[in-house]
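Read off the chains here:
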Amino acid sequence: MELKVTRWKRYGRDRLYANLPDGTAVGWANVETGDITVLVAEYRDDVIAVLTDHLRNTPEPAPPKQTPRKPAAEPPLLLPPLTAADDLSANHPGESLLDKSGPGLIKRVVLQILRRPAVWDSWRKGLAGEQRVGAELRRLERHGWRVLHSIPLADKVDVDHLLIGPGGVFSINTKHHRKRAVWVGDDSVKIDHGKPAPYVRKSRAEAKRVARVLERFCGFPVPVEPVLVFVGVTDLKVVATQLSVRVYREREVAALAPLSGVLTPERVEQVYSVARHRQAWS
């Protein structure tokens, strides 16, 4: 008896059926295991012969594709209870510069007479700049934003300001260049057409460090954008074509106030509670 063999694959099964000319199945074989089942004893020998031949010439089925399992998300790290000594919300703008005493009065007068720049002059300008930007950021609090100042990082550096709100998290770097013209490109900044300064690259790196810390303790993605704020400049020209850093004058930071849709009010508070904890940054 000439039997016709057809292949049937469904519901995760792979079989070869031996059928009579009228389509009646008289036996079948499991392609994966090679086992043969005879349905009609009368055709036993024919079923075994034809199915054995087809099994020999049928390529082995490909193993089912396994969807790789996503690694389980690591639980967020826990911080100890917040103490007054660890609460960064008490920091004032420029807190890290307030502790620098600088040279004595007589030495400062001598340096001014000789017109020699002193490190204290840079600290003093930096403090004034951070205080002005801090005052502008305080205006955003009525729009649901939280502000922190002088966030200490490793390597004796700090984040000038951290703005947390419905529009996300912004790592703000303040630069005080009174009566100077500022040019901002994709990766560098020039003051009065001077040598390029790496403000843009450093701001991006700082924002990445902030995001890593916050996500480690929050347990969910925390988008952090870098911001450069220039204080007291006479001209600010941004010519970058692919700039990934927001650039403002001090009075323009209010443009961040209406941003929303990134963090819920609950997550704003969660991120803020982590960011204000000194031990999160150590």
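What you are looking at is a predicted structure, and each value in this text was computed from that prediction instead of being measured.

Peer 1: What am I meant to see in the sheet that holds strand 9 (residues 189-191) here?
Peer 2: Strand pairs in the sheet, formed through backbone hydrogen bonds, run parallel or antiparallel to each other. If you trace the 3 strands from one edge of the open sheet to the other, you get 9-8-11, paired in mixed fashion. With one partner strand each, in any of the chains shown, strand 9 and strand 11 (235-238) form the two edges of the open sheet. Strand-to-strand, the axes of this sheet are offset by a mean angle of 15°, without reference to chain direction. Pairing analysis gives 3 bridges linking strand 8 (residues 181-184) to strand 9, with the strands arranged antiparallel. Following the sheet pairing, V182 is matched in strand 9 by I191.

Peer 1: Is there a simple way to explain the packing of aromatic side chains in this structure?
Peer 2: Aromatic ring pairs are described here by two measures, namely the spacing of the ring centres and the angle between the planes. Applying the stated criterion across every chain yields a total of 4 aromatic pairs. Relative to W28, the ring of Y17 has its centre 6.4 Å away and its plane inclined at 35°; by these criteria the two rings are tilted. Residue Y17 is located in strand 2 (residues 13-19), and its partner W28 is located in strand 3 (residues 25-30); the two are separated by 11 residues in the primary sequence. A single burial state applies to Y17 and to W28, both of which are buried. Aromatic pair Y199 and F230: ring centres 6.4 Å apart, planes at 40°, arrangement tilted. Of this pair, Y199 sits in helix 5 (residues 199-218) while F230 sits in strand 10 (residues 224-231), placing them 31 residues apart in sequence. The burial state of Y199 is the same as that of F230; both residues are buried. An aromatic cluster is built from W8, Y17 and W28, whose rings are joined through pairwise contacts. When the ring centre of Y272 is taken as reference, the NZ or CZ atom of R146 above it lies at 4.0 Å.

Peer 1: Mind showing me how you'd approach the side chain of D14 here?
Peer 2: Mapped onto the elements, D14 comes out in strand 2. What makes D14 buried here is its relative accessible area of 6%. Here the side chain of D14 touches R7 through a polar contact of 2.6 Å, side chain to side chain.

Peer 1: For this particular structure, what's the right way to read the environment of V247?
Peer 2: In this structure, V247 sits in strand 12 (residues 246-249). A C-alpha to C-alpha distance of 7.8 Å links V247 and F230, two positions 17 residues apart in sequence. Once residues lying within four places of it in the same chain are set aside, the contact partners of V247 are V184, L228, F230, L236, V238 and E252.

Peer 1: What am I meant to see in the pairing of strand 6 (residues 158-165) here?
Peer 2: Regular strands have side chains that alternate between both faces of the sheet. For strand 6, a buried count of 8 out of 8 residues is recorded, marking the element as mostly surrounded by other parts of the structure. In terms of strand pairing, strand 5 (residues 146-152) meets strand 6 through 6 bridges, oriented antiparallel. Residue pairing across strands places I151 opposite V159, the latter belonging to strand 6. Linkage of strand 5 to strand 6, two consecutive antiparallel strands, is achieved through a turn of 5 residues, within which D155 is found at a positive phi near 65°. Relative to strand 7 (residues 168-176), strand 6 runs antiparallel, the two sharing 5 bridges. Of the residues in strand 7, the one forming a bridge with L162 is S171. The hairpin formed by strand 6 and strand 7 contains 2 residues between the paired strands.

Peer 1: Any chance you could explain the environment of D35 here in plain terms?
Peer 2: Examined against the element boundaries, D35 turns out to sit in the loop between strand 3 and strand 4 (36-38). Separated by 16 residues in sequence, D35 and L51 place their C-alpha atoms 9.8 Å apart. Other than its neighbours up to four places away in sequence, D35 contacts W28, A29 and N30. A distance of 3.2 Å separates a polar atom in the side chain of D35 from a polar atom in the side chain of T33.

Peer 1: Which parts of the structure should I look at to understand helix 1 (residues 44-57)?
Peer 2: Every α-helix winds through 3.6 residues per turn, so residues three or four apart in the chain are directed the same way. Taking 1.5 Å per residue, 14 residues should reach 20 Å; helix 1 reaches 20 Å between its end C-alpha atoms and fits that length. Three or more residues of helix 1 are buried, namely V47, V50, L51 and L55. Seen end-on, helix 1 carries its buried residues on one side only, within an arc spanning 135°. For helix 1, the exposed residues set more than 90 degrees away from the buried face come down to D45, R56 and N57. Contacts from the buried residues of helix 1 go to strand 1 (4-10), strand 2, strand 3 and strand 4.

Rules used throughout
- Residues numbered from 1 in each chain as written.
- Predicted model: local features only at pLDDT ≥ 70, side-chain atom pairs only at ≥ 80, totals over all residues.
- Heavy atoms only, no water.
- Pairing = 2+ DSSP bridges.
- Helix = DSSP H or I, 4+ residues; strand = E, 2+ residues; numbered from the N terminus.
- Axes fitted to C-alpha atoms, helices over the stretch in contact; angles between N-to-C directions.
- Phe/Tyr/Trp six-rings, centres within 6.5 Å; stacked < 30°, edge-to-face > 60°.
- Buried < 20%, exposed > 50% of the residue type's maximum accessible area, 1.4 Å probe, protein only.
- Lys NZ or Arg CZ within 6 Å of the ring centre and 35° of its normal.
- Polar contact = N/O pair within 3.5 Å; in protein donor to acceptor, adjacent residues only side chain to side chain.
- Contact = heavy atoms within 4.5 Å.
- Expected span 1.5 Å × (residues − 1).
- Arc of directions from axis to C-beta.

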